[in-house]
Amino acid sequence: MESLQVKDYMNLYPVTFTADMAVEEASLRFLKTKQIGGPVIDDNGQLIGFLSESDVLAKMLQTSYYGEHMADVSQLMRTEVLTMKPYTSIVELAQTMLQQKPKVYPVTDDDGALLGTISRNDVLRAIDLHIRSTFHESTWQPKENQIQR
């Protein structure tokens, strides 16, 4: 399983944000893409932060009463971001995910340029596919009540 790498399972088209983007626009991007978090990048595609749905939700709840512009992404984003490299092992990432809080990790090259993101769901899919490929179909069959119709 060490041969499974982040680059083979990452999202190449993650939702992204800029520091000067209004929180209202960031909220719309989350709603349209159904992603739970995304990298904040500069004009050169360099990772400068991370914004989660919960960051936006907290700010929207706090200021919804006033009905006016709330904040920019730069005021909400996290600037200390755990990142992964495309050559990182899926097993190593899974172990990190069990120890750390983030559900989505930006994937950057060695110079800090954003390449994509990888989520817990992506890691689970990678491991599931690997496990299924190692079993012969006659060895593992789902029980009848587990098959969704």
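In case you missed it, the structure is sitting above this.
We now turn to the structure provided with this report. (Residues numbered from 1 in each chain as written. Predicted model: local features only at pLDDT ≥ 70, side-chain atom pairs only at ≥ 80, totals over all residues. Heavy atoms only, no water.)

1. Some details on the packing of helix H4 (residues 90-99) against helix H5 (residues 120-134)
Line of reasoning, step 1. The contact between H4 and H5 brings their axes to 10 Å, and the two run at 135°. Judged by the angle between their axes, H4 and H5 are oblique. Here H4 and H5 pass one another in a crossing that is left-handed. Residues Ile 90, Leu 93, Ala 94 and Met 97 of H4 touch H5, and the partners they reach there are Arg 120, Val 123, Ala 126 and Ile 127.
Line of reasoning, step 2. Each residue belonging to the contact of H4 with H5 can be placed in one class, and the counts come to seven nonpolar, no polar and one charged. (Axes fitted to C-alpha atoms, helices over the stretch in contact; angles between N-to-C directions. Helix = DSSP H or I, 4+ residues; strand = E, 2+ residues; numbered from the N terminus. Parallel < 35°, antiparallel > 145°, perpendicular 65-115°, else oblique. Left-handed = near helix turned anticlockwise from the far one by under 90°. Contact = heavy atoms within 4.5 Å. Nonpolar A, V, L, I, M, F, W, Y, C, P; charged D, E, K, R; others polar.)

2. Focus: unusual backbone geometry
Line of reasoning, step 1. Positive phi, close to 60°, is recorded for Lys 34, a residue that is not glycine.
Line of reasoning, step 2. Structurally, the position occupied by Lys 34 is in the loop between helix H1 (23-33) and strand E1 (37-41).

3. Comments concerning the packing of H1 against helix H2 (residues 53-63)
Describing two packed helices takes the angle between their axes plus the distance from one axis to the other.
Line of reasoning, step 1. Axis separation between H1 and H2 bottoms out at 10 Å; the angle between their running directions is 130°. On the basis of their axis angle, the class for H1 and H2 is oblique. In this structure, H1 crosses over H2, and the sense of that crossing is left-handed. In contact with Val 23, Ala 26, Ser 27 and Phe 30 of H1, H2 contributes Glu 53, Val 56 and Met 60.

4. So, the layout of surface pockets
Line of reasoning, step 1. One number sums up the size of the largest pocket: a volume of about 410 Å³.
Line of reasoning, step 2. Residue lining of the largest pocket: 15 residues in total, with Phe 50, Ser 52, Arg 78, Pro 102 and Lys 103 positioned closest to the centre.
Line of reasoning, step 3. Of all the secondary-structure elements, those providing two or more residues to the lining of the largest pocket are strand E2 (47-52), H2 and strand E3 (104-108). (1 Å grid on protein atoms, 1.4 Å probe; cavity = no way out; pocket = protein on both sides within 12 Å on 5 of 7 lines; lining within 4 Å. Points joined across faces, edges and corners; volume = space filled by probe spheres on them.)

5. A look at the pairing of E1
Line of reasoning, step 1. For E1, the buried fraction is high: five of the five residues fall into the buried class.
Line of reasoning, step 2. Summarising the sheet, E1 and E2 pair through five bridges and their orientation is antiparallel. Of the residues in E2, the one forming a bridge with Gly 37 is Ser 52.
Line of reasoning, step 3. Between the antiparallel neighbours E1 and E2 lie five residues, among them Gly 45 with a positive phi of about 80°. (Buried < 20%, exposed > 50% of the residue type's maximum accessible area, 1.4 Å probe, protein only. Pairing = 2+ DSSP bridges.)

6. As for the pattern of salt bridges
Once the charged atoms of two side chains with opposite charge are near each other, the side chains can pair.
Line of reasoning, step 1. Applying the stated rule across the entire model yields four salt bridges.
Line of reasoning, step 2. In this structure, the salt-bridge partner of Arg 29 is Glu 25, at a minimum N-O distance of 3.4 Å. Pair noted here: Arg 29 and Glu 25 are both in helix H1, with a separation of four residues, about one helical turn.
Line of reasoning, step 3. Judged by its relative accessible area of 37%, Glu 25 falls in the partly exposed class. (Salt bridge = Lys/Arg side-chain N within 4 Å of Asp/Glu carboxyl O.)

These figures capture arrangement, not role.
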